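Coordinate inspection notes
The chain contents come next:
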Amino acid sequence: MLWKLGELGISRVALSHRPESPQERQLVAWLPEADWPEAERQQLRQALEPLAATFGLALPPLQWQRQLDEDWSLSWKQHWQADPVGQRLLILPAWLELPPEHAHRLVIRMDPGSAFGTGSHPTTRLCLEALEGLAMERGSASGGGAALAGMRVADLGCGSGILGIAALLQGASTVAAVDTDSLAVRATADNAAVSGFQDRLQVRLGSVEELAGMLEGRRADLLLCNILAPVIEALAPAFHTVLAPGGVGLLSGLLVQQAPRLQQVLRPLGWEAELTAQQSQWGLMVLHKAR
Ligand SMILES: C[S@@+](CC[C@H](N)C(=O)[O-])C[C@H]1O[C@@H](n2cnc3c(N)ncnc32)[C@H](O)[C@@H]1O
């Protein structure tokens, strides 16, 4: 839905949910009234309906509220709050203070602009939770040391940069990130700087070929890739150029029902992918070199 809105030129959007019920999400979009009279708004509904139908969903009623004389950017920012994820991560809008009750968490400071990756979307959360799980597993295996210590991470389709930043917070040494959307590249660079990671996170405009170039022949230990399944399928033949044979990939952006097809595509390429988690209809797969 966010992509479709982007195509329609609607870039001021926010996905919000109450921290206690992450499954119930509300999509809020801000449109200039002059550009979107009643007839145009009807057309917007018609443009979104087929998209919902693709996923077997009915589009919920659209509600319109006039926003008076107010700074839009401030208005959409009000929809984000401190958002705990998993046991020890916290997504914190860059403009908020750290709430004392979350002081023990690792803070991912975010100002996503219009890039994907506020942390509200189930696929982002699945990746963050899997990243935390991986960090805990490795941390306890190394006697409680820095969990992702020394890992070189490749973030393919970085959006706001949220996943790479979460990896760095958990001890990864470097992140190479790419996105085909220039707004995402800017958001990732800005967010990395907010967290003081500008020297350890490198981001460029492009896709898997650009990423392989950035890694300079030293393939990553961890590949993060949260993109729709058909795009993952198209990128999969190049995974070996960015992920080392002993590395791990976290793939999301896929619907659970698309997992078997992705497994079929990945197997002849030498990869095994296991569906390990899901939230509503979205799935997360862990990728390893086939034995
Ligand atoms: C679902 S968002 C994920 C953003 C972020 N990684 C997260 O988990 O929230 C997918 C991102 O992939 C980017 N993208 C789409 N196709 C791509 C491609 N072929 N190569 C690189 N990035 C791509 C989009 O612009 C978008 O920012």
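Details of the structure are given in the entry above.
Residues numbered from 1 in each chain as written. Predicted model: local features only at pLDDT ≥ 70, side-chain atom pairs only at ≥ 80, totals over all residues. Heavy atoms only, no water.

Points about the overall build of the protein chain
As a reminder, the rule being used: For helices the rule is a DSSP run of H or I covering at least 4 residues; for strands it is a run of E covering at least 2, with both sets numbered from the N terminus onward. Each residue is placed in one exposure class: buried if its accessible area under a 1.4 Å probe, protein chains only, is under 20% of its type's maximum, exposed if it is over 50%, and partly exposed if it falls in between. Two residues form a contact once any of their heavy atoms are found within 4.5 Å.
A tally of helices and strands in the protein chain yields 10 helices and 12 strands. Within the protein chain, the fraction of its 291 residues that count as buried is 46%. The long-range share in the protein chain, meaning contacts at least 24 apart out of those at least 6 apart in sequence, stands at 59%.

Quick word on the packing of aromatic side chains
Selection criterion: Pairing of aromatic side chains here covers Phe, Tyr and the six-membered ring of Trp, requires ring centres within 6.5 Å, and sorts the geometry by plane angle: under 30 degrees stacked, over 60 edge-to-face, intermediate tilted. Distance and angle both matter: a charge sits over a ring if NZ of Lys or CZ of Arg is within 6 Å of the ring centre and within 35 degrees of the ring normal.
Per the stated rule, a full pass over the model turns up zero aromatic pairs. Looking at Arg-41, its charged tip hangs above the ring of Trp-64, at a distance of 5.0 Å from the centre. For Lys-289, the ring lying beneath its charged end belongs to Trp-271, and the centroid distance is 4.5 Å.

So, the nonpolar core
The condition is simple: Definition used in this section: a nonpolar core is a set of buried Ala, Val, Leu, Ile, Met, Phe, Trp, Tyr and Cys residues joined via side-chain atoms within 4.5 Å.
Within the largest apolar cluster, 39 residues are counted, with the highest numbers of intra-cluster contacts made by Ile-108, Leu-128, Leu-131, Leu-148, Leu-201 and Leu-222. Counting residues per element, this core draws most heavily on helix α4 (residues 122-141), which supplies seven residues. Leaving out residues up to four positions away in the same chain, Leu-222 has contacts with Leu-131, Leu-134, Met-151, Arg-152, Val-153, Ala-154, Leu-243, Val-248 and Leu-250. If you look at the next biggest cluster of nonpolar residues, it comprises 30 residues, including Leu-156, Leu-211, Val-242 and Leu-251.

Focus on the site of the ligand
Here is the rule: Proximity is defined per residue: any heavy atom of the residue falling within 4 Å of a molecule or strand makes that residue near it. In protein, a polar contact requires one atom able to donate a hydrogen and another able to accept it; more generally it is a pair of N or O atoms within 3.5 Å, and residues adjacent in sequence count only if both atoms are side-chain atoms. Using a 1.4 Å probe, the Shrake-Rupley method yields the accessible areas, and only the shown protein chains count as cover for residues. Charged residues are taken to be Asp, Glu, Lys and Arg, nonpolar residues to be Ala, Val, Leu, Ile, Met, Phe, Trp, Tyr, Cys and Pro, and polar residues to be all remaining types, Gly included.
The environment of the ligand is formed by 17 residues, the closest being Thr-124, Gly-157, Asp-179, Ser-207 and Asn-226. Between the ligand and Thr-124, the relevant distance is 2.7 Å, taken from an oxygen atom to a side-chain nitrogen or oxygen of the residue. The side chain of Ser-207 places a nitrogen or oxygen atom 2.7 Å from a nitrogen atom of the ligand. For the ligand, whose free accessible area comes to 600 Å², the fraction covered by protein is 90%. Residues of the shell around the ligand, tallied by class, amount to seven nonpolar, eight polar and two charged.

Points about the sheet that holds strand β4 (residues 89-93)
Hydrogen bonds between backbone atoms are what pair the strands of a sheet, whose relative direction is either parallel or antiparallel. What counts here: We call two strands paired when DSSP finds no fewer than two bridges between them. What counts as an axis is a line fitted to C-alpha atoms, over the stretch in contact for a helix, and the angles between N-to-C directions run from 0 to 180 degrees.
Here three strands make up an open sheet; going across it, the order is β3-β4-β5 and the pairing mixed. This sheet does not close on itself; its edge strands, each paired only once, are β3 (83-85) and β5 (106-110). Neighbour-to-neighbour, the strand axes of this sheet turn through a mean angle of 25°, independent of strand direction. Here β4 pairs with β5 via five bridges, running parallel. Looking across to β5, one finds that Leu-89 is bridged to Leu-106.

So, the sheet that holds strand β12 (residues 282-289)
One open sheet accounts for seven strands, arranged β8-β7-β6-β9-β10-β12-β11; its pairing is mixed. Both outer strands of the open sheet, β8 (201-205) and β11 (271-279), are each paired with one neighbouring strand and no more. On average, each strand axis in the sheet is tilted by 15° relative to the strand beside it, whichever way the strands run. Running at roughly 165° to β8, helix α6 (residues 182-194) makes contact with β7 (174-179) and β8 of the sheet.

Brief notes about the state of the cysteines
Defined as follows: The term disulfide is used for any two cysteine sulfur atoms that are within 2.5 Å.
All chains considered together, the criterion is met by zero disulfides. Among the cysteines around Cys-127, which has no disulfide bond, Cys-225 carries the closest sulfur, lying 8.5 Å off.

A closer look at the pattern of salt bridges
Definition in use: Just to be clear on terms, a salt bridge is a Lys or Arg side-chain nitrogen sitting within 4 Å of an Asp or Glu carboxyl oxygen.
Under the counting rule described, the total for this entry stands at five salt bridges. Two residues, Glu-38 and Arg-41, come together in a salt bridge whose shortest N-O distance is 3.2 Å. Of the two residues, Glu-38 and Arg-41 are both situated in helix α2 (residues 38-54); the distance of three residues between them amounts to about one turn of the helix. Overall, Glu-38 belongs to the partly exposed group, its relative accessible area being 46%. The partner of Arg-45 in a salt bridge is Glu-49, and the shortest N-O contact between them spans 3.0 Å. Of this pair, Arg-45 and Glu-49 both sit in helix α2, four residues apart, which is roughly one turn of that helix. Judged by relative accessible area, which is 23%, Arg-45 ranks as partly exposed. Looking at Glu-49, the relative accessible area reads 34%, which means it is partly exposed.

What to know about the pairing of β7
Counted only if it meets this: Consider the strands pointing away from the viewer: the crossover is right-handed when the path from the first strand over the helix to the second runs clockwise.
With five of six residues buried, β7 is to be regarded as a mostly interior element. Sheet analysis places strand β6 (residues 152-156) next to β7, joined by five bridges and oriented parallel. Paired with Ala-154 across the bridge in β7 is Ala-176. Relative to β8, β7 runs parallel, the two being bridged by five bridges. Across the sheet, Val-178 pairs through a bridge with Arg-204, a residue of β8. The parallel pair β7 and β8 is bridged by α6, and the resulting crossover is right-handed.

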